[in-house]
Amino acid sequence: MALEWKREELRVEKEIGEPILVVEDVMKAFGGVQALNGVSFEVRKGEILSLIGPNGAGKSVVLNCINGLPGYRPDSGRIIFEGRDITKWPPHKRAQVGISRTFQKIELFGGMTVLDNAKLGRHIKMKTGWWDGGIYWLKASKEEAKHRKWIEEKVFETCEIEIYRHRTAGMLPYGVQKRIELARALAMGPTFLLLDEPMAGLNLEEVEDMTRFILDANEEKEWQCTILLVEHDMGVVMDISDRVVVFDWGEKIADGVPEEVQNNPRVIRAYLGEVEETYITRR
Ligand SMILES: Nc1ncnc2c1ncn2[C@@H]1O[C@H](COP(=O)(O)OP(=O)(O)OP(=O)(O)O)[C@@H](O)[C@H]1O
Ligand SMILES: [Mg+2]
């Protein structure tokens, strides 16, 4: 998919720091399926690292291992975040240190409003629950108002969904629901964002919008999130990534800047084996 703008026009000057996340020799099997076969890579502070590969390569599994989704603890290997071994941490503890995510298949509470969905993403930052009552009511309502304002002003503005805030999430078009997913992840105030196919199912205009929101989350002063992006849209990947890691059959087959990866024969072969016409060399 050819986007209208070029990579150079999109990028701002930014500093890439030391590795913030290190995935070290991670193995994960499901029955006879070796989903991850000793993968290692690192994500540096401030960068957008894209993780690509054919269907079933293990991309979502590694995101689930990083996020700590139940059932996805690595069989061996380690995941280090900001110098701490988080391999066995429960998901809420990972969220507390700044790791947030979106899901490949939209995971919103369809019967709740957009605002309530985003507030659920925010609860990790709150001292009182949204549900607190009794003598805590005044304290809780003040805190609720503060967080709601922050969500409406910062998160909804970034994802351009202010106008939908009181609408029922499940009733909104698919493209808007993908933005709400991102909003819920941002509502947590993360430093590290895991995005699993944010462009899937979007039309060209929606892809351009979503690309802008992701760049804002990465570059804008108030966010400055380091991003690990799983994405099949090669136009977007090649345009916005600082580096690209490629998986095939649970193994890492390439790791480098977009231009290097694009011309890597192993990568081309992995894609040619999957589809008749490779889309990695098309641009
Ligand atoms: N909970 C699970 N139970 C059993 N097998 C699983 C589970 N989760 C993932 N797998 C298997 O692990 C392999 C890797 O799956 P994964 O979802 O990571 O692929 P992917 O690279 O994200 O592919 P896609 O691009 O299609 O999303 C697949 O064979 C998949 O069926
Ligand atoms: Mg996947």
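Fair warning: this is a prediction, and the values are worked out from it, not measured in the lab.

Novice: Looking at this model, I keep getting lost on the side chain of Thr 158. Mind explaining?
Specialist: Position of Thr 158 relative to the elements: it lies in helix H5 (residues 137-159). Only 3.0 Å separates the side chain of Thr 158 from the side chain of Trp 223, close enough to count as a polar contact. Beyond its immediate sequence surroundings of up to four residues, Thr 158 is in contact with Leu 186, Phe 213, Asp 216 and Trp 223.

Novice: Which parts of the structure should I look at to understand the site of ligand 1?
Specialist: What surrounds ligand 1 is a group of 15 residues, the closest being Gly 56, Lys 59, Ser 60, Gln 104 and His 232. Side-chain polar atom of Lys 59 to an oxygen atom of ligand 1: 2.7 Å apart, as the coordinates give it. At 2.8 Å, a side-chain N or O of Gln 104 approaches an oxygen atom of ligand 1. Protein coverage of the free-state accessible area of ligand 1, which is 640 Å², stands at 66%. At the level of elements, strand S2 (33-44) and helix H2 (59-67) are the ones that each hand at least two residues to the shell around ligand 1. Counting residues per element, the shell around ligand 1 draws most heavily on H2, at 3 residues. The residue makeup of the shell around ligand 1, split by class, is 7 nonpolar, 6 polar and 2 charged.

Novice: What is the right way to look at the coordination of the magnesium ion (ligand 2) in this model?
Specialist: When a metal carries six donors in an octahedron, the ideal angles between them are 90 or 180 degrees, while four donors in a tetrahedron ideally lie at 109.5 degrees. The protein atoms that coordinate the magnesium ion (ligand 2) are Ser 60 (OG) and Gln 104 (OE1), at distances spanning 2.0 to 2.2 Å. Pair noted here: Ser 60 is in helix H2 and Gln 104 is in the loop between strand S6 (99-101) and helix H4 (114-122), with a separation of 44 residues, a long-range link. Exposure remark for Ser 60: the relative accessible area of 21% places this residue in the partly exposed category.

Novice: Could you clarify how one ought to interpret the layout of surface pockets in this entry?
Specialist: Rolled over the atoms, a probe with the dimensions of a water molecule shows which regions are left empty. Its volume calculated, the largest pocket comes out at about 500 Å³. Looking at the largest pocket, it is lined by 19 residues, and the ones nearest its centre are Ala 95, Phe 103, His 123, Arg 184 and Met 188. Counting only elements with at least two residues in the lining of the largest pocket, the list comes to helix H3 (91-96), S6, H4 and helix H6 (174-187). Looking at the lining of the largest pocket, the element that brings in the most residues is H3, giving 4 residues. Classifying every residue of the lining of the largest pocket by side-chain character gives 10 nonpolar, 5 polar and 4 charged. Residues lining the lining of the largest pocket come from more than one domain, with at least three contributed by each of domain 1 (1-98 + 191-283) and domain 2 (109-189).

Novice: Even after reading the chapter, I still don't get H6, so can you show me in this structure?
Specialist: Helical geometry note: an α-helix holds 3.6 residues per turn, so side chains three or four residues apart project in the same direction. If you check H6, its first and last C-alpha atoms are 20 Å apart, about what 14 residues at 1.5 Å a residue would give, namely 20 Å. Across the 14 residues of H6, 13 count as buried, placing the element largely inside the fold. Positive backbone phi, at 70°, marks Gly 189, one or two positions downstream of H6.

Definitions and cut-offs
Residues numbered from 1 in each chain as written. Chains lettered and ligands numbered in written order. Predicted model: local features only at pLDDT ≥ 70, side-chain atom pairs only at ≥ 80, totals over all residues. Heavy atoms only, no water. Helix = DSSP H or I, 4+ residues; strand = E, 2+ residues; numbered from the N terminus. Polar contact = N/O pair within 3.5 Å; in protein donor to acceptor, adjacent residues only side chain to side chain. Contact = heavy atoms within 4.5 Å. Near = heavy atom within 4 Å. Areas by Shrake-Rupley, 256 points an atom, 1.4 Å probe, with all protein chains shown as cover. Nonpolar A, V, L, I, M, F, W, Y, C, P; charged D, E, K, R; others polar. Donors = N, O, S within 2.8 Å, 3.2 Å for Na, K, Ca; no water. Buried < 20%, exposed > 50% of the residue type's maximum accessible area, 1.4 Å probe, protein only. 1 Å grid on protein atoms, 1.4 Å probe; cavity = no way out; pocket = protein on both sides within 12 Å on 5 of 7 lines; lining within 4 Å. Points joined across faces, edges and corners; volume = space filled by probe spheres on them. Domains from an automatic or database assignment. Expected span 1.5 Å × (residues − 1).

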